[in-house]
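# Topology and contacts: notes
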Amino acid sequence: KYSTFAAVENPETPVKVNYTQLLIDGKFVDSVSGKTFATYDPRTGDEIAHVAEGDAEDINRAVVAARKAFDEGPWPKMTAYERSMVLFRFADLIDKHAEELAALETWNNGKTYEQASKAELPMISRLIRYYAGWADKIHGLTAPADSAHAVQTIHEPIGVAGQIIPWNFPLLMFAWKVAPALACGNTIVLKTAEQTPLSALYAAKLLHEAGLPSGVLNVVSGFGPTAGAALASHMDVDKLAFTGSTQTGKIVLELAAKSNLKPVTLELGGKSPFIVCKDADIDTAVELAHFALFFNQGQCCCAGSRTYVHESVYDEFVQKAKERALKRTVGDPFKAGIEQGPQIDSEQFEKILRYIRSGVDNGATLETGGERLGDKGYYIQPTVFSNVKEDMLIAQDEIFGPVQSILKFKDIDEVVRRANNTSYGLAAGVFTKDIDTANTLTRALRVGTVWVNCYDVFDAAIPFGGYKMSGQGREKGIHCLSNYLQVKAVVTPLKNP
Ligand code: ADP
């Protein structure tokens, strides 16, 4: 059982940490206060490095730099083609340094190196190229008028964008935020998550190497209630984009409203249903449901964390889901063949274990797992609960860990009602061979993404975002551009009066 697990006794330093300061106006600088904070290796809980700790004063310095870069140029005044070429060169540099970036990501986050290097880094450079391609294809329209006027629309960058990102996909979230904002000609102050400050600093340095002018992208490491709140409430930030918990999303939306009413896009939590219908091929469904939940240590906002299985195949599914979880290889994320590394930090680790205890206390059947693994770092056994009922905490709250909850359903109307009976609406998985069932479910589910017979497909052109309390607005694809553009109408009489 979990035979591949090996605690990391003396981990080697996987990669050199070159950048630990704040990046403001094109230069790495210490914070005004001189304060630093430690960032950790989740495999052991050991310190990796100390990084500069930004707070309100540093955010302000960064906003001043971004404002100047926006108002005085050259960035918004460069041709769109020139901006596009900076992004294309950036993508090439990401590819060139992919191994170091993936190593930083694994070291600071605990995700497997295989996932970081083979899945995430290629996705990141692909997404940057996607938005590089958009930069010179953004343009307005001419519109008809009832009077004798010529009407045109001009799509302009909004200005200084504030961006706050989480720790579960540090570099991917950096790319999702930065690439579209830059393609549209904005300047940026980005705050990384306090758990994972390292990879974004490295990537930001590469972006400058690719030709980004000083002040266009400023990166501030720091904590939420200080640096994050200062950014959300800054009077000279023109737009805010946030990814994180629903609870914090409400706070930043309020801060934005109370300050200068900056428009806000939010990508928040979820409790996504994964629905296995009676006609499904069970082995494939088990594998996909397993992936939908356990991917990235279960630390995905769109994790398929409510596995609904039709009663006619329920017992077989549960048995096979348990067997699959038992086979999951957990251990040092740098080792080949490992599927699951440690959780991000002690806080999340303890929270997940509390949820597991609540599942047991509330009478769900613990099929496998439920404990920590080893005595070092934040490893948790892949955990499967069956006989989960709707009102249990594990069926309602976002656990953000390797805990699969399997529920039973009888018919499609019922599962739609139950799947939608949540304040979240981020994603859903539908597993069926029947086209009518697929059509019914895809239309009835109140979520931003429905994956039919697949899960977690994240191409650059596919929009991503939530219904209800899972968020506002969409990232990726063509839809994200409008988050970073103002539309100006210009009206001219056809004949001078
Ligand atoms: P999690 O609970 O998964 O860490 P959060 O929503 O707290 O998720 O964190 C996501 C991002 O939001 C992080 O960059 C964090 O620092 C930031 N953050 C947390 N609290 C606040 C806040 N009060 N104001 C602004 N940003 C915050």
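Residues numbered from 1 in each chain as written. Predicted model: local features only at pLDDT ≥ 70, side-chain atom pairs only at ≥ 80, totals over all residues.

For the protein chain, the count of helices and strands is 14 helices and 20 strands. Taking 497 residues into account, the globule formula puts the C-alpha radius of gyration at 23 Å, and the protein chain, at 23 Å, falls close to it. For the protein chain, the spread of C-alpha atoms along the three principal axes comes to 80 × 60 × 40 Å. A burial count over the protein chain gives 52% of its 497 residues as buried. Contacts in the protein chain between residues at least 24 apart in sequence constitute 73% of all its contacts with a sequence separation of at least 6. (Helix = DSSP H or I, 4+ residues; strand = E, 2+ residues; numbered from the N terminus. Rg over C-alpha atoms; globule rule 2.2 N^0.38 Å. Buried ≥ 20, exposed ≤ 12 C-beta atoms within 10 Å, placed from the backbone. Contact = placed C-beta atoms within 7 Å.)

Turning our eyes to something else, we now look at the site of the ligand. Not every one of the 17 residues close to the ligand is listed here, only the nearest: Gly224, Gly228, Gly244, Ser245 and Thr248. Listing elements by their share of the shell around the ligand, those giving two or more residues are helix H7 (224-232) and helix H8 (246-258). Broken down by class, the residue content of the shell around the ligand amounts to ten nonpolar, five polar and two charged. (Near = placed C-beta within 6 Å. Nonpolar A, V, L, I, M, F, W, Y, C, P; charged D, E, K, R; others polar.)

Let's shift gears to the environment of Ile164. When you line up the elements, Ile164 lands in strand S7 (residues 160-164). Assessed through the 26 C-beta atoms surrounding it within 10 Å, Ile164 is described here as buried. Between the C-alpha atom of Ile164 and that of Phe334, which follows or precedes it by 170 residues, the distance is 28 Å. Contacts of Ile164, omitting those with residues within four sequence positions, involve Lys191, Gly228, Leu231, Phe242, Gly244 and Val252.

Burial of strand S12 (residues 273-276) is two-sided: the residues Pro273 and Ile275 facing one way and the residues Phe274 and Val276 facing the other way are all buried. As judged from the four bridges shared by S12 and strand S13 (residues 306-310), these two strands associate in the parallel manner. Bridge pairing links Pro273 to Arg306 in S13. As a crossover connection, the stretch from S12 through helix H9 (residues 282-294) into S13 is right-handed. As paired strands, S12 and strand S17 (residues 427-431) are joined by three bridges and run parallel to one another. From the neighbouring strand, Ile275 faces S17, where its bridge partner is Val430. (Pairing = 2+ DSSP bridges. Right-handed = clockwise from strand over helix to strand, strands pointing away.)

Within the largest apolar cluster, 147 residues are counted, with the highest numbers of intra-cluster contacts made by Leu87, Ile128, Tyr131, Ala175, Val189, Ile275 and Val276. Excluding anything up to four places from it in sequence, Val276 contacts Ala285, Ala289, Tyr308, Val309, His310, Val313, Phe317 and Phe431. (Core = buried A, V, L, I, M, F, W, Y, C linked by C-beta atoms within 7 Å.)

We now examine the sheet that holds strand S20 (residues 485-493). Strands sit in the order S5-S6-S20 across an open sheet of three strands; the sheet is antiparallel. At either end of the open sheet lies a strand with only one pairing partner, and these are strand S5 (142-143) and S20. Here S5 pairs with strand S6 (residues 149-157) via two bridges, running antiparallel. Across the sheet, the residue bridging to Thr142 is Gln152, located in S6.

Glancing now at the UniProt feature "active site" (unreviewed entry) in the protein chain. As annotated by UniProt and renumbered to match this structure, "active site" (unreviewed entry) occupies Glu267. Here Glu267 shows up in strand S11 (residues 264-267). Beyond its immediate sequence surroundings of up to four residues, Glu267 is in contact with Thr243, Cys301, Gly465, Gly466, Gly471 and Glu475. (UniProt positions renumbered as here; feature names shortened; annotations may be inferred.)

Here we come to the UniProt feature "domain: Aldehyde dehydrogenase" (unreviewed entry) in the protein chain. The UniProt record annotates "domain: Aldehyde dehydrogenase" (unreviewed entry) at residues 28-490. Structurally, residues 28-490 is divided into 40% helix and 19% strand, and its ends, taken at the C-alpha atoms, are 41 Å apart.

Now for the packing of helix H1 (residues 56-72) against H7. Direction vectors running N to C along H1 and H7 enclose 40 degrees, while the axes themselves pass 8 Å from each other. Put simply, H1 runs oblique to H7. In this structure, H1 crosses over H7, and the sense of that crossing is right-handed. Contact residues: H1 offers Ala56, Asp58 and Ile59, while H7 offers Thr226, Ala227, Ala230 and Leu231. Grouping the amino acids of the contact of H1 with H7 by side-chain chemistry returns five nonpolar, one polar and one charged. (Axes fitted to C-alpha atoms, helices over the stretch in contact; angles between N-to-C directions. Parallel < 35°, antiparallel > 145°, perpendicular 65-115°, else oblique. Left-handed = near helix turned anticlockwise from the far one by under 90°.)

It is worth spelling out helix H6 (residues 198-209) at this point. When the terminal C-alpha atoms of H6 are compared, their 17 Å separation across twelve residues agrees well with the 16 Å that a helix rising 1.5 Å per residue should span. Every buried residue of H6 is accounted for by Leu198, Ser199, Ala200, Leu201, Tyr202, Ala203, Ala204 and Leu207. Note on H6: the residue one or two positions beyond its end, Gly211, has a positive phi of about 110 degrees. (Expected span 1.5 Å × (residues − 1).)

Time to look at unusual backbone geometry. Here the residue pair Gly73 and Pro74 is connected by a cis peptide bond, since its omega of 10 degrees sits within 30 degrees of zero. Residue placement: Pro74 occurs in the loop between H1 and helix H2 (80-96). Although it is not a glycine, Asn387 adopts a positive phi angle of roughly 50 degrees. Within the element layout of this structure, Asn387 appears in the loop between strand S15 (383-386) and helix H12 (393-396).

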